[in-house]
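The primary structure of each chain is shown beneath.
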Amino acid sequence: QVQLVESGGGLVQAGASLRLSCARSGRTFSTYTMGWFRQAPGKEREFVAGISWSGGNTFYADSVKGRFTISRDNAKNTVYLQMNSLKPEDTALYYCATDAYGRSSAPRRPLQYDYWGQGTQVTVSS
């Protein structure tokens, strides 16, 4: 019913910027939250950033505050993650996620999301 497709990943040097995009398709009957997670090899999936349907509520992991910015364009059903001042520790497979109907406030846990993209790789070299 809902599909998410991420794009925009790549290989960059430390200090560079990337903007990830996630296009959402499928039917929904209510507002929904969208977010970004990342997972590095051998590590657990971790929350990166989230945004409410209106865009008025954004929330971030402490590790990316001040460097990453999440935004969304509901007319395009797309969420973005602007990543600045990238560090090698940001290297991971980045996943876009969304819930079905905005069922939680500022969700930071994977189980609070219902649909997931396949991921886009971000690699930051030193």
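These lines cover the structure that appears in this document, whether it is placed above or below.

About the cut-offs
- Residues numbered from 1 in each chain as written.
- Predicted model: local features only at pLDDT ≥ 70, side-chain atom pairs only at ≥ 80, totals over all residues.
- Heavy atoms only, no water.
- Helix = DSSP H or I, 4+ residues; strand = E, 2+ residues; numbered from the N terminus.
- Salt bridge = Lys/Arg side-chain N within 4 Å of Asp/Glu carboxyl O.
- Buried < 20%, exposed > 50% of the residue type's maximum accessible area, 1.4 Å probe, protein only.
- Pairing = 2+ DSSP bridges.
- Axes fitted to C-alpha atoms, helices over the stretch in contact; angles between N-to-C directions.

1. Quick look at the environment of Gly-56
Now for step 1: If you trace the backbone, Gly-56 turns up in the loop between β5 (46-51) and β6 (58-60).
Now for step 2: Between the C-alpha atoms of Gly-56 and Thr-31, which are 25 residues apart in sequence, the distance is 13 Å.

2. Some thoughts on the pattern of salt bridges
Now for step 1: With the rule as written, the count across this model stands at five salt bridges.
Now for step 2: Put simply, Arg-67 and Asp-90 hold a salt bridge, and the shortest N to O gap is 2.8 Å. Here the residue Arg-67 occupies a position in the loop between β6 and β7 (68-73), and Asp-90 occupies one in the loop between β8 (78-83) and β9 (92-98), the gap between them amounting to 23 residues. With respect to class, Arg-67 is no different from Asp-90; both count as buried.

3. Focus on the sheet that holds β7
Now for step 1: The four strands are arranged β1-β3-β8-β7 in an open sheet whose pairing can be described as antiparallel. What marks the edges here is a single partner per strand, and that holds for β1 (2-7) and β7. This sheet shows a mean twist of 15 degrees between the axes of neighbouring strands, independent of strand direction.
Now for step 2: Inspection of the sheet shows β1 paired to strand β3 (residues 18-26) by six bridges, in the antiparallel sense. The partner of Leu-4 across the bridge, within β3, is Arg-24.

The values are spatial; any link to function lies outside them.
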